[in-house]
Amino acid sequence: MDTTDDVPEAPGTTDGLDAGGDATRIALVDDHEVVRRGIADLLEDESDFTIVAEVGTVREALVRLPPARPDVAVLDVRLPDGNGIELCRDLLSVLPSVRCLVLTSFSDDEALLDAVMAGASGYVLKQVLGSDLRSAIREVAAGRSLLDSSTTTAVLERQRRKHAQDDPLRGLTEQERAVLELIGAGMTNRQIAERMFLAEKTVKNYVSQLLSKLGMQRRTQAAVLATELRQSRPG
């Protein structure tokens, strides 16, 4: 079945490929028709803007935006069949050149960071002034980002924390990791020293250091962690 047959075309849009000339081609994705039309009316008066699509769902957007080839997609965060952040990611996979501007009624740090991770070029509240929205669209259309350095820093910190959760051994040296592995195998310091051709005192120092880095007090805790990590490895 042709999925476009039952997708209604919004009035006032120009999905044709010749629309707009050198004007910035804009697609609007919002499930509230009044909001869509209000934004469209706000933008259509600008000679450097052309509205090429207006849709209200993720499904419609994925059907109609690729052939409309917008330069900028203004995406509502909350949509009835998904959300604008996931849509941003999906659109960029098929339209790498599109610039996504996420528009929302709510100031939500988590959603902001998610939008950044999805590849959005900007994040604007619906309470924004009309002149500021037009400026925001021009900025992202020109290839610039509306995301300030504090936002970028927050995203990097989030990635760092996620990596820390994924790799509990991130702070250990190769030698300390090897000692931890042997602790998990049930070896004593003397046995580890013999295996690694080290002095027993050196092994004892390694054990103290790795326990401190892992935030542990007892050797048995390290042994349990080593066993869990070994069992979680594929194969």
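Residues numbered from 1 in each chain as written. Predicted model: local features only at pLDDT ≥ 70, side-chain atom pairs only at ≥ 80, totals over all residues. Heavy atoms only, no water.

**Section: the overall build of the protein chain**
Helices and strands together make up the secondary structure of the protein chain, namely 10 helices and seven strands. For the protein chain, buried positions account for 40% of its 235 residues. Nonlocal contacts in the protein chain, meaning residues at least 24 apart in sequence, comprise 65% of its contacts between residues at least 6 apart. Per element, the accessible surface of the protein chain, about 13,000 Å² overall, is 51% carbon and sulfur. (Helix = DSSP H or I, 4+ residues; strand = E, 2+ residues; numbered from the N terminus. Buried < 20%, exposed > 50% of the residue type's maximum accessible area, 1.4 Å probe, protein only. Contact = heavy atoms within 4.5 Å. Areas by Shrake-Rupley, 256 points an atom, 1.4 Å probe, with all protein chains shown as cover.)

**Regarding the sheet that holds strand β3 (residues 72-76)**
Pairing in this open sheet of five strands is parallel, and the strands run β2-β1-β3-β6-β7 from one edge to the other. Because the sheet does not close on itself, it has two edges, and the strands there are β2 (49-55) and β7 (122-125). On average, each strand axis in the sheet is tilted by 25° relative to the strand beside it, whichever way the strands run. Here β3 runs beside strand β6 (residues 99-104); their pairing, made up of five bridges, is parallel. Within β6, the residue paired with V74 across the bridge is L101. Across the face of the sheet, helix α3 (residues 84-94) comes into contact with β1 (24-29), β3 and β6 while running at roughly 155° to β3. (Pairing = 2+ DSSP bridges. Axes fitted to C-alpha atoms, helices over the stretch in contact; angles between N-to-C directions.)

**What about the packing of helix α7 (residues 174-184) against helix α10 (residues 219-232)?**
Two elements in contact, α7 and α10, have axes whose closest approach is 8 Å; the angle formed by their N-to-C orientations is 90°. Judged on the interaxial angle alone, α10 and α7 are roughly perpendicular. Together, L180, E181, I183 and G184 of α7 and R219, A222, A223, A226, T227 and R230 of α10 make up the contact between the two elements. Across the contact of α7 with α10, the residue classes break down as five nonpolar, two polar and three charged. (Parallel < 35°, antiparallel > 145°, perpendicular 65-115°, else oblique. Nonpolar A, V, L, I, M, F, W, Y, C, P; charged D, E, K, R; others polar.)

**So, empty space enclosed by the protein**
In this approach the atoms are scanned with a rolling probe the size of a water molecule, which exposes any empty space left behind. Within the structure shown, the criterion is met by one cavity of 30 Å³ or more. Counted as a void, the largest cavity has a volume near 50 Å³. Counting residues per element, the ones that place at least two in the lining of the largest cavity are β1, α1 (33-44) and β3. Per-element tally for the lining of the largest cavity: the top contributor is β3, with three residues. (1 Å grid on protein atoms, 1.4 Å probe; cavity = no way out; pocket = protein on both sides within 12 Å on 5 of 7 lines; lining within 4 Å. Points joined across faces, edges and corners; volume = space filled by probe spheres on them.)

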